[in-house]
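These are the residues of each chain, in order.
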Amino acid sequence: MSELLNLELNNDSDFEGKYGFVFDHTFITNPIESFCGRFNANPEEYGFKLFDTGWDCIGHAQKFILNNKEVLMLICNMNKPVNKETIAAQVLLCNPDLINESLEDSIIDQWVISR
């Protein structure tokens, strides 16, 4: 199993997204945009995988470490995976230990990102 990336609070108002992570030496706060922010990106380019919550929500997900705890970041568009037509996406930060019991109860934080 590969080492999980650290998730950090985004303190820079120039970047959209409440949290971010370092990918390929770049701080990423919006995984549906390219590094430069000019092009659409698929979250899979940043290591996200398709994930079915079992609660009528399928999105791109990746586990991270936040404050020494494992969290799951889930990115979806109206409970479906992001695609090339997606303009905005909901980001859910979840407790992975609770997601199988209740998606709603597993949510630690949520916000919206756009292209």
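A few points on the structure. Every value quoted in this text rests on a predicted model; they were computed, and no experiment measured them.

The rules behind these values
- As a convention, each chain's residues are numbered from 1 in the sequence order in which they are written.
- Only residues with pLDDT of 70 or above have their local features reported here, since the model is predicted, and side-chain atom pairs are shown and tallied only from 80 upward, although totals for entire chains, interfaces and linings are computed over all residues.
- Excluding hydrogens and water, the side-chain values take into account all heavy atoms of the structure.
- In this scheme, strands are said to pair when DSSP sees at least two bridges between them.
- Elements are defined by DSSP. Helices are runs of H or I of four residues or more, strands are runs of E of two residues or more, and each kind is numbered from the N terminus.
- Within the patch definition used here, like charges are joined within 9 Å and nonpolar side chains (Val, Leu, Ile, Met, Phe, Trp, Tyr) within 5 Å, considering only residues with over 30% relative accessible area and no salt bridge.
- Accessible surface is estimated by sampling points in the Shrake-Rupley manner with a 1.4 Å probe; for residues, cover comes only from the protein chains shown.
- Each reported salt bridge corresponds to a side-chain nitrogen of Lys or Arg within 4 Å of a carboxyl oxygen of Asp or Glu.
- In this charge count, Lys and Arg are treated as positive and Asp and Glu as negative; neither His nor the chain ends contribute.
- By convention, charge coordinates are those of NZ in Lys, CZ in Arg, CG in Asp, or CD in Glu.
- Residue exposure (1.4 Å probe, protein chains only): buried if accessible area is under 20% of the type maximum, exposed if over 50%, otherwise partly exposed.

## Regarding the pairing of strand β6 (residues 58-66)
Here's step 1: Relative to β6, strand β1 (residues 5-6) is paired through 2 bridges, and the arrangement is parallel. By the bridge assignment, Leu-5 is partnered in β6 with Phe-64.
Here's step 2: Inspection of the sheet shows strand β5 (residues 49-52) paired to β6 by 4 bridges, in the antiparallel sense. When the bridges of β6 are listed, Phe-51 appears paired with Gly-59.
Here's step 3: Taking the residues that link successive antiparallel strands as the turn, the β5-β6 hairpin has 5 residues, and the phi of Gly-54 there is positive, at about 85°.
Here's step 4: Counting the residues between successive antiparallel strands, the hairpin from β6 to strand β7 (residues 69-76) contains 2 residues, one of them, Asn-67, with a positive phi of roughly 55°.

## Regarding a negative patch on the surface
Here's step 1: Taken together, the side chains of Asp-97, Glu-101, Glu-104 and Asp-105 present a region of like negative charge at the surface.
Here's step 2: Relative to the helices and strands, Asp-97 resides in the loop between β8 (88-94) and α1 (103-106).
Here's step 3: Assessed through its relative accessible area of 67%, Asp-97 is described here as exposed.

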